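Okay, here's what each chain looks like letter by letter:
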Amino acid sequence: MNAPILRLFGLVLVLFAALAGMTSYNSVIKADDYRDNALNKRPLIEQAQVKRGVIRARDGSLLANSIKDEDALYERRYPPGAQRFSHVLGYDYGLTIGRAGLERSRNDALAGEKDEITSIVSDLSGKRRVGDNVITNLDPRAQQVALDALGDRRGSVVAIEPATGKVRVMASSPGYDPGDLRRSGVYTRLSRQDNSPLFNRATQAGYVPGSTMKVVTAAAALDSGDFTPESQVSGKSPIIVSGVPLKNFSDTQFGLITLTTALTNSVNTVWAQVAEKLGRERVAEYMERFGFGSDPPLDYPDAQMNPSGVFDTKRQRLISADAGSVDIGRVAIGQERLRVTPLQMATVVATVANGGVRMKPQFTSRIVDQDGRTAERIEPEEAQRVISAQTAGQLTQMMANVVREGTGTAAALQGIEVAGKTGTAELNIARSINQPWFVGFAPRSQPKVAIAVTLENIVGGQGGVVAAPIAKQVMQELLR
Amino acid sequence: MSARNRELFALIPASLLLTAGFAAVFIQRENLLNDLSLTYGAIFLALCLAAHLVLRMTLPDADPYIFPLVAVLACFGLVMLYRLDEEFAREQAQWFVVGLIFFTATIVVLRRDHRVLERYRYIIAFGGILLLLLPRLGSPVNGAYLSFSMGPISFQPAELAKIAIVIFLASYLRDTRQVLVIGARRVAGITFPPLKHLGPLLAVWGTAMALLFVIQDLGSSLMFFGGFLALVYVATNRISFVLIGLGLFALGARVLYAIRPTIESRVDAWLHPFDPEIYEREIGGSYQMAQSIFSQADGGFFGQGFGQAIIQLGDNPPILPAAHTDFIYAVITDELGLMGAVAVLLVYLLIVERGFKTAMLATDSFSKLLATGLTAVLALQVFVIVGGVTKLIPLTGVTLPFISYGGSSIVANFILLALLMLVSDRARRESAA
């Protein structure tokens, strides 16, 4: 009987080898997949066992911190003042609704997730893992000014420091209280609400830019060398663009006028002709350089950012402005199927203000460990040179004219020269529902702030009347 | 060196392992080295020494490695249980004492000649089946009738029944193995046992099937039936008998699968543990299965260390249910990693090897078959539960021998161990002579 016993033992060996194989498969081979499984809350629980770093505003005020709950897990808290930054901060409720905003994009730092070697060393030395603190560039007072100015209207204000890309203000109205999301059901209720309070209009909305787009067209015109600020173009109205008549605002007639005058008075027909003369390819190229067509390089979750550009409604995606179906004359004046975010328009004016160099927009200024040492300083980073310094200078002068004597006078500041451009996208001409805009920067000579302001669905509202005064207040606060 | 002296020396590292394990849990928990771990180690060593003395006096020639290997498993179990809940470890330690009493009693009663068991084979078989039917008096747990409660004590009769059935089969097959082989006929290329003697075997198959339907637990049925097939194979050396048996079992399982929703949901949970719909099911869902896998995924090569596995938060329902019983292997993998888990499997494999070795050394057929059967059910039990926890086969609730928390399991496995030692003592003495 010994031979079958031996074979039986052989079978047991095979069975046990299968057990060891399955154990290796679960614990090593497929372990990463299992840890990423959406049903697996263990990595989130591990993170909740770590004291998460705090988030602070530029002035040091607290925007988010963590306290220990009865299950020895840390829970995120947002002090009352943090509500004004709801969209930027996002939230961190890993075990229930997940994470968003800076809480998500800076999670590695906040959760103290170091590289492998560092964590093994600190494991051995018995140090408890703690998260690092995130210090932002955000300015709470200017943010409050922006929110107060928007009031209960829907809209957005973005303000950037042109030379560094530091984001000072990013307001999106309406907002929400991140502390409220801790309660169950609140997230679902807010996400179904008609006015979409969870939606960050500054980075996600697709607004029609209207005449603010003429800044991009003017940059392309001057930088290509085909035009100068003094180039003369006829401003008669209407003209035929892509087979359809195009009128100036209020059908105003202009004779042969310079580009400077055409920007000051926002003459549609002139800019449409300029773009048609430049051609689709060149306009498309400059748009791309300004950042259209791709997600902004902001330290913010991709899921909460949309690129700007010509939106093909049928295919539900962006198409390049040099596509054959695009009416480039109307793209030039911010009509067609253009969809832009306030952040994109703020980036355009910040680039002009910075002598033609586009900087990466950045929320975070530095990451500080629990002992107060700076673990990482986020240096200003150049994204791309978009236009020459000379073009930028000429365009600045043209934009300064807009605020001095054109459509943007309401943005003028006492003793500080402002450059800017208004926009009024007519969404429903019959009911005169508009999307008013103002984009600009100040001071003209050494810009410290570039800004984009827009509001949704304002009946009869014009950029110069509705948006420009908001920009003025926010710039005033930031230049104090 | 004599067998018993070898055993004695082997017990020392087992006790040190326990001491080290407790020390690790203490360090993890309180960040200090408590001399309590030495006390636990000393108590454990004392218990082992007591059992060793019993063996020394009664079975001086029995296999010297089996008992120390079991001590290693027990120590793994105690440390794990202590880390989960001190109360579990304390109760488990008490069960070890009870188990050792049964171990000693079994040896003392059968020390003259364990073959007296053959005389009582029908009583033992009947008693075993009766034991299995007991839980039907109560209510099912997770759809299976596995445990029986008497006052505060609840026990799982399947643990004891597996021994009774092995004793019966070993004895029965010793008588009939020759006729089974000689009378066999080949029909259509398959060798069938003679019908006359097939009767009792079919009765065993019928009983296993009936049990499957009565207790409705695939795991213990698989264990019984696997033990049965192993014995039939070793007794007759006919692989065809095994294949016929397997086919019949598969048929029975298929029928049960079709009529019992609990079995079907177990299979669903096994095939698609990460399907959100199955995961969310209140009853018979794959939550446990998925958590077991997630827990193992946390372990990696070397594990997270004692006390690091996420099992329960505060007073909330546990994240990994039944961590001290069915899923203790998942906790071991989580905290000790692949290395620790494979080490545990290796210890079982060594015990199995010693068990089969004992069977091969034994000189009479009954002893051979008894040792084979006992070893095979032990190996199968490990396979069924570890296979279930690791998603190799559908999950069914049997204990991990000597490691899982549970009185009936400890007691039954100590009796199993005693029988194995009895066979070994006689076999080694006779083969040496």
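Analysis parameters
Residues numbered from 1 in each chain as written. Chains lettered and ligands numbered in written order. Predicted model: local features only at pLDDT ≥ 70, side-chain atom pairs only at ≥ 80, totals over all residues. Helix = DSSP H or I, 4+ residues; strand = E, 2+ residues; numbered from the N terminus. Buried ≥ 20, exposed ≤ 12 C-beta atoms within 10 Å, placed from the backbone. Pairing = 2+ DSSP bridges. Core = buried A, V, L, I, M, F, W, Y, C linked by C-beta atoms within 7 Å. Contact = placed C-beta atoms within 7 Å. Expected span 1.5 Å × (residues − 1).

A tally of regular secondary structure across chain A gives 18 helices and 23 strands. Each of the 480 residues in chain A was classed as buried or not, and the buried ones make up 50%.

Turning our attention to the sheet that holds strand β15 (residues 338-339) of chain A. All names here are of chain A. One open sheet accounts for three strands, arranged β14-β13-β15; its pairing is antiparallel. One side of each edge strand has no neighbouring strand; the edge strands of this open sheet are β14 (317-319) and β15. With two bridges connecting them, strand β13 (residues 309-312) and β15 associate as antiparallel partners. Note that in β15 the partner of G309 across the bridge is R339.

Let's shift gears to the pairing of strand β2 (residues 62-68) of chain A. All names here are of chain A. The pairing of strand β1 (residues 55-56) with β2 spans two bridges and is classified as antiparallel. Following the sheet pairing, R56 is matched in β2 by L62. Between β1 and β2, which pair antiparallel one after the other, the connecting turn spans five residues, and G60 there sits at a positive phi close to 90°. Linking β2 to strand β3 (residues 74-77), which pair antiparallel, is a turn of five residues; within it A72 sits at a positive phi near 65°.

It is worth spelling out the nonpolar core at this point. Membership of the largest hydrophobic core comes to 151 residues, with the highest contact counts inside it found for C75, L169, L231, Y329, L370 and M421 of chain B. The residues touching L231 of chain B, leaving out its near neighbours within four places in the chain, are L169, A170, L173, L369, T372 and G373 of chain B.

The next thing to look at is the pairing of β13 of chain A. The side chains of a regular strand alternate between both faces of the sheet. Residues and elements named next belong to chain A. As paired strands, β13 and β14 are joined by three bridges and run antiparallel to one another. Within β14, the position partnered with V310 by the bridge is I319. The turn linking β13 back onto β14 is made up of four residues, and Q316 within it adopts a positive phi angle of 55°.

This paragraph deals with the sheet that holds strand β18 (residues 374-377) of chain A. What links the strands of a sheet is backbone hydrogen bonding, and the strands pair in either a parallel or an antiparallel sense. Across the sheet, which stays open at both edges, the six strands sit in the order β3-β2-β1-β6-β17-β18 (chain A) with mixed pairing between neighbours. The open sheet has two edge strands with one neighbour each: β3 and β18 of chain A.

This next bit is on helix α4 (residues 86-110) of chain B. Taking 1.5 Å per residue, 25 residues should reach 36 Å; α4 of chain B reaches 36 Å between its end C-alpha atoms and fits that length. For α4 of chain B, the set of buried residues is F88, A89, Q92, F96, G99, L100, F103, T106 and I107 of chain B.

Residue and element names in this part refer to chain A. The omega torsion of the bond from S173 to P174 falls at 0°, within 30 degrees of zero and hence cis. Examined against the element boundaries, P174 turns out to sit in the loop between β8 (167-173) and α9 (186-192). Of note, the amide linkage connecting A442 to P443 takes the cis form, showing an omega dihedral of -15°. Locating P443 in the fold gives a position in the loop between β21 (433-442) and β22 (449-455). A positive phi angle is found at D251, which is not glycine, with a value near 55°. Tracing the backbone through its elements, the reader meets D251 in the loop between β11 (244-246) and β12 (256-258). Residue classification places D251 among the exposed residues on the basis of 8 C-beta atoms within 10 Å. For S432, which is not a glycine, the phi torsion comes out positive at approximately 45°.

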